[in-house]
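# Observations on the model geometry
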Amino acid sequence: MLIVFYTIDNQHASQLFVSIARNWLSVFILRRSKTTQAELNLAIIIYATAVLSPFTLLNMSRSRMSVFMQLQPDPLSIDEKLHLQTHLLNSVEQAILAVEKSGQIVFWNNFAENLYGWTSEDVLGRNIIEVIATPLLLESILKNLGQLHHGEGWSEEFLVQRRDGSTFIAQLTTYINQYEQRTLISIIGISRDSTEHKQLQEANRLLAEASALLIDAVDYEAPLTTLAQLAVPQIADWCAVHLLQPDGSIEQVALAPAEMVELQGSYDWLINHLPKDDAVGLPAVLRSGEPKLVSDVSSDFWAAAAAIKSYMIVPLITRPQTFGAITFVTAESGRRFDMTTLALAENLASHIAIYLDKVRLYRESQRLNTELEQRVNEQTAELRAAVAQLKQSEATIQTLFRISNKLNATLDVDTILDELAQEAIQIVNGESGFAGLRTAQGMTVRKYFRKGKAILFEHTWPLGEGIPGWVLKYKIPYGTSDAVNDPVILHELSINTGVRSIICTPILDSVGEVLGFFDISNKQEGESFTISDQEMLMALAPVASIAIQNALAYQQRLAAEVVLKESYERLRALAANLESVREEERTQISRELHDQLGQALTAMKFDLAMLTDRLGKKDTALAQKAKTITAQMDTMIKTVRRISTELRPGMLDDLGLAASIEWQARDFEKRTGIVCAVSVSTDDQPIPRAQSLALFRIFQESLTNVARHASAQYIEVKLSTTSHLLSLEVHDDGRGIKAQEIAGKLSLGLLGMRERAKRLGGTFDIQGLPGDGTIITVSIPVTQGE
């Protein structure tokens, strides 16, 4: 009895029968001289059965069948038949083997050699149980002989072993073959290696279970431990998962089984050696990102010493970052990993990596959310603190602004110091205080305030003496919460009695020198002054400094104005006195010219007239010379009279201001040729001599300026007199005076006219109109005394 096993899968089954039938039919046809009709018919039926469907076979035409039936091939010899059968079985790409009922192998085809690793010479005559390590195979066949004798096939899966010790799952199908020549029972079976299929199913199952575990996982330690347990023993004897930490260290997060007491060496190798083997271990795989497969550990001393049979390290990679690895190890089972197992492990690792990356991203998002929330909380707290500080600053600014307005509302220094002391006491919740100024002797105060009441207290602290003197010396605030034992405070002063705490703040001017100070004592309710109180008082000091400096500047300005006014009044009085003296001198000179020189010239004129009459009869030439001298004498008398009139217009006293103005205008017109139009409006009221003289002199100076500078052809003069006011306007049609000429250093004549009017309480105004000449307007009150 022969048992024939075929290792074949479903997708190759039909191809196998077609191949066998085609080979048989081809050989029979080529060797038809030696082929019997029965063999040829059998070949045609096998081929038709393998290639054509039953419907096609039944409808095959008899004519075509007859072609094959009429062929008369030559019959094959026994050796030829055996050679043909062997050739056919060896050409099939599946493992086919035949054994006796006792298990002795009698046939082993070429594909079986490649699949199991044993040659035909190695296994023929040996028991199949020894070769493929399947003790239950023959027992299962013998139990199903009844089914086989009825022509039915029988199949079952068995775990078989290769020559190298690796195992796989095979689907073995057996048949019985009875030969005509001999009464032998042979079993023909087709064995199919289903290891890959089983592994694929197992991998799919593991993937499905891994997906179910990780799809909603947010903490990968527990799911990875479960996955490691699922991988044992289907894929490996041991399974470990390691993850790369942010600091570069490697952490084991899962291990199955957790302990192996009987294989402590293997356990130590997996836990202690492999993660630390930087050359070929776990660190090397994490660096390279490439899987490591060790099917045979004979060249690995440490693995072999630990009774490890085979192992593989598969990296966990995503985007494209290696963040961990899964290690599969076989030991006690004796299994060895191959490329197929590695591919399945890589597929499993790629799926796990995706979910782990999702968990990592979730954890990262949680971490970021936590950080964000923490930052938001911190920023919210900072914002609240900033808002509180801003509100406090706003309140401080408003307080300082209010105090600034209050202090700057007055320009009295004493009032400012009083307001400053009271405001400082209020903003720091003090009991008493005072404010003072720096003097030549030191820091001076005139009063202090206690509970809103002002108490007179005058004292000066020299430089370096007492707290105000210390502040004057060092120009910084001084504070103490233990005034009783403070070495700087002057305890003998009455204002320091009962003082517990003090803050003394300097007031600095714009150049950093001490201008003044304010001293606040005893925070209410027995508390001590705080840093915030000191900062508030320091912020108040510049506000007080501005107010005090403004007040001091104003007082200095007032003092300077008083001095200036006094000086101006003295100068004006001096100018008036000089003008009065000058007018008196003019009057005296005018009188002397008129009385003495005029009379002398008149007498000389009479003498020359008498001399001329007497000489005319005796010496005609000398008489003519005398006449010439007489004419010159007349001119001199007129000049003396004009000078006398200019020095002191007598008609001003005799005829009044209006007539004097008209006479002066006519005289000016006669001398210069400039037309003068005079209009007078008067109420015939008597005008005081000083006002008339001042207005006449201003008019004279105005005419002089026109003649010298205006290049005018016409002058309009308007005089108006009332019982209260004298008004004079002189308008020429010249070039017009310029603004810089009015304020020029050489405009002394204008300055004199202005001073004459101001001295009598009047006003003087001059305007230059380009193209319209110059207008001088003078107004002098009549009531002003001389």
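Values in this document were obtained by computation on a predicted structure and should not be read as measured data.

## Things to note about the sheet that holds strand β22 (residues 725–732)
One open sheet holds the 5 strands; their spatial order is β20-β21-β22-β24-β23, and the pairing between them is mixed. Strand pairing shows two members of the sheet lacking a second neighbour, β20 (675–681) and β23 (763–769), which therefore form its edges. Looking at each pair of strands side by side, their axes are set apart by 10 degrees on average, direction ignored. Pairing between β23 and strand β24 (residues 773–781): 7 bridges, direction antiparallel. By the bridge assignment for β24, Phe764 is matched with Val778. Where helix α22 (residues 657–672) meets the sheet, its contacts fall on β20, β21 (714–721) and β22, and the angle it forms with β20 comes to roughly 175 degrees.

## Quick look at a nonpolar patch on the surface
Side chains of Leu411, Tyr554 and Leu558 sit close together on the surface and give an oily, nonpolar patch of about 230 Å² of accessible area. Along the chain, the position of Leu558 falls in helix α19 (residues 531–618).

## Some words on the packing of aromatic side chains
As enumerated under the stated definition, the model contains 10 aromatic pairs in all. On the basis of an interplanar angle of 80 degrees and a centroid distance of 6.0 Å, the ring pair of Trp238 and Tyr267 is categorised as edge-to-face. One end of the pair, Trp238, is in strand β9 (residues 238–244); the other, Tyr267, is in helix α13 (residues 264–273), with 29 residues separating them in the sequence. Taken individually, Trp238 and Tyr267 each receive the classification buried, so the pair is uniform in this respect. Between the aromatic rings of Trp470 and Tyr474, the centroid separation amounts to 4.7 Å while the plane-to-plane angle is 40 degrees, which identifies the pairing as tilted. Taken together, the positions of Trp470 and Tyr474, both in helix α18 (residues 466–474) and 4 residues apart, correspond to about one turn of that helix. Joined through ring pairs, the aromatic side chains of Phe434, Trp461 and Phe517 make up one cluster. Sitting above the plane of the Trp118 ring, Arg126 keeps its charged end 5.0 Å from the centroid.

## Regarding the environment of Asp765
Looking at where Asp765 falls in the secondary structure, it is placed in strand β23. In the structure, Asp765 is positioned 12 residues away from Met753 in sequence and 9.7 Å away in space, judged by C-alpha atoms.

## Some details on the pairing of β22
In this structure, β21 lies alongside β22, joined through 7 bridges in antiparallel fashion. In the sheet register, Thr721 faces β22, and the bridge partner there is Leu726. Count of turn residues in the β21/β22 antiparallel hairpin: 3 residues. Sheet analysis places β22 next to β24, joined by 7 bridges and oriented antiparallel.

## Side note on the sheet that holds strand β10 (residues 250–256)
Reading across from one edge, β10-β9-β13-β12-β11 is the order of the 5 strands in this open sheet, with antiparallel pairing throughout. Every other strand in the sheet has two partners, leaving β10 and β11 (292–294) as the edge strands with one partner each. Put simply, the sheet's adjacent strands are angled 15 degrees from each other on average, direction ignored. Each of β9, β11, β12 (310–318) and β13 (321–330) touches helix α16 (residues 339–408); the most contacted strand, β12, lies at about 35 degrees to it.

## Looking at α22
Helical geometry note: an α-helix holds 3.6 residues per turn, so side chains three or four residues apart project in the same direction. For α22, spanning 16 residues, the distance from its first C-alpha to its last is 22 Å, which sits close to the expected 22 Å at 1.5 Å a residue. Along α22, the residues that are buried comprise Leu657, Ser660, Ile661, Gln664, Ala665, Asp667 and Phe668. The arc that holds the buried residues of α22, viewed along the axis, is 165 degrees, so those residues lie on one side. Immediately beyond the C-terminal end of α22, within one or two residues, lies Gly673, with a positive phi of roughly 80 degrees.

## Notes on the pairing of β10
For β9 and β10, the ladder comprises 6 bridges, and the chain directions are antiparallel. Looking across to β10, one finds that His242 is bridged to Gln252. Joining the antiparallel neighbours β9 and β10 is a turn of 5 residues, in which Gly248 adopts a positive phi near 95 degrees.

## Here we look at unusual backbone geometry
The linkage connecting Ala256 with the following residue, Pro257, adopts the cis geometry, with an omega of -10 degrees. Note on placement: Pro257 falls in the loop between β10 and α13. Even without being glycine, Asn522 reaches a positive phi, approximately 55 degrees. Mapped onto the fold, Asn522 is located in strand β19 (residues 514–523). In this structure Asn522 comes out as buried when scored by relative accessible area, which is 4%.

## Focus: the confidence of the model for the chain
Of the residues in the chain, 80% have a pLDDT of 70 or more, and the chain-wide mean is 79. Taken as a whole, residues 37–72 scores under 50 in pLDDT and shows 39 contacts with residues more than four places along the chain or in a different chain. Note on residues 182–192: pLDDT under 50 across the span, and 73 contacts to partners over four residues away in sequence or across chains.

## Thoughts on the nonpolar core
The biggest cluster of nonpolar side chains holds 35 residues, and the ones touching the most others in it are Leu657, Leu695, Phe699, Ile715, Phe764 and Val778. Listed by contribution, the elements that provide at least two residues to this core are α22, α23 (689–710), β21, β22, α25 (748–759), β23 and β24. Broken down by element, this core gets its largest block of residues, 10 residues, from α23. Setting aside its immediate chain neighbours within four residues, Leu695 contacts Leu657, Leu719, Leu726, Leu728, Val778 and Ile780. Of all hydrophobic cores here, the second largest spans 29 residues; its members include Val428, Ala435, Leu537 and Ala541.

## Thoughts on α13
For α13, the set of buried residues is Ser266, Tyr267, Trp269 and Leu270. For α13, the angular spread of the buried residues around the axis is 160 degrees, confining them to a single face. Contact partners of the buried residues in α13: β9, β10, α15 (301–305), β12 and β13.

## Quick word on the environment of Thr330
The topology assignment puts Thr330 in strand β13. Residues Thr330 and Ala307, 23 residues apart in the sequence, show an inter-C-alpha distance of 9.2 Å. What Thr330 contacts, discounting residues up to four positions off in sequence, is Ala236, Asp237, Ile308, Lys309, Ser310, Arg335 and Phe337.

## Observations concerning the pattern of salt bridges
The full count for this structure, using the stated rule, is 19 salt bridges. Note that Asp414 is salt-bridged to Arg446, the shortest N-O span being 3.8 Å. With Asp414 in helix α17 (residues 413–427) and Arg446 in strand β15 (residues 443–450), the pair connects residues that are 32 residues apart, well separated along the chain. In this structure, Glu716 and Lys718 form a salt bridge, with 3.7 Å as the shortest nitrogen-oxygen distance. Taking relative accessible area as the criterion, Glu716 reaches 29% and is therefore assigned partly exposed. Among the ionic contacts, a cluster of salt bridges with common partners joins Arg402, Lys406, Glu419 and Glu423.

## Points about the packing of α22 against α23
Across the interface, α22 lies against α23 with an axial gap of 11 Å and an inter-helix angle of 15 degrees. One finds that α22 runs roughly parallel with respect to α23. Note on packing geometry: the crossing formed by α22 with α23 is right-handed. Together, Leu657, Ser660, Ile661, Gln664, Ala665, Phe668 and Thr672 of α22 and Ser692, Leu695, Phe696, Phe699, Gln700, Leu703 and Ala707 of α23 make up the contact between the two elements.

Criteria and thresholds
Residues numbered from 1 in each chain as written. Predicted model: local features only at pLDDT ≥ 70, side-chain atom pairs only at ≥ 80, totals over all residues. Heavy atoms only, no water. Pairing = 2+ DSSP bridges. Helix = DSSP H or I, 4+ residues; strand = E, 2+ residues; numbered from the N terminus. Axes fitted to C-alpha atoms, helices over the stretch in contact; angles between N-to-C directions. Contact = heavy atoms within 4.5 Å. Patch = residues over 30% accessible without salt bridge, like charges linked within 9 Å, V, L, I, M, F, W, Y side chains within 5 Å. Areas by Shrake-Rupley, 256 points an atom, 1.4 Å probe, with all protein chains shown as cover. Salt bridge = Lys/Arg side-chain N within 4 Å of Asp/Glu carboxyl O. Phe/Tyr/Trp six-rings, centres within 6.5 Å; stacked < 30°, edge-to-face > 60°. Buried < 20%, exposed > 50% of the residue type's maximum accessible area, 1.4 Å probe, protein only. Lys NZ or Arg CZ within 6 Å of the ring centre and 35° of its normal. Expected span 1.5 Å × (residues − 1). Arc of directions from axis to C-beta. pLDDT = per-residue confidence, 0-100. Core = buried A, V, L, I, M, F, W, Y, C linked by side-chain atoms within 4.5 Å. Parallel < 35°, antiparallel > 145°, perpendicular 65-115°, else oblique. Left-handed = near helix turned anticlockwise from the far one by under 90°.

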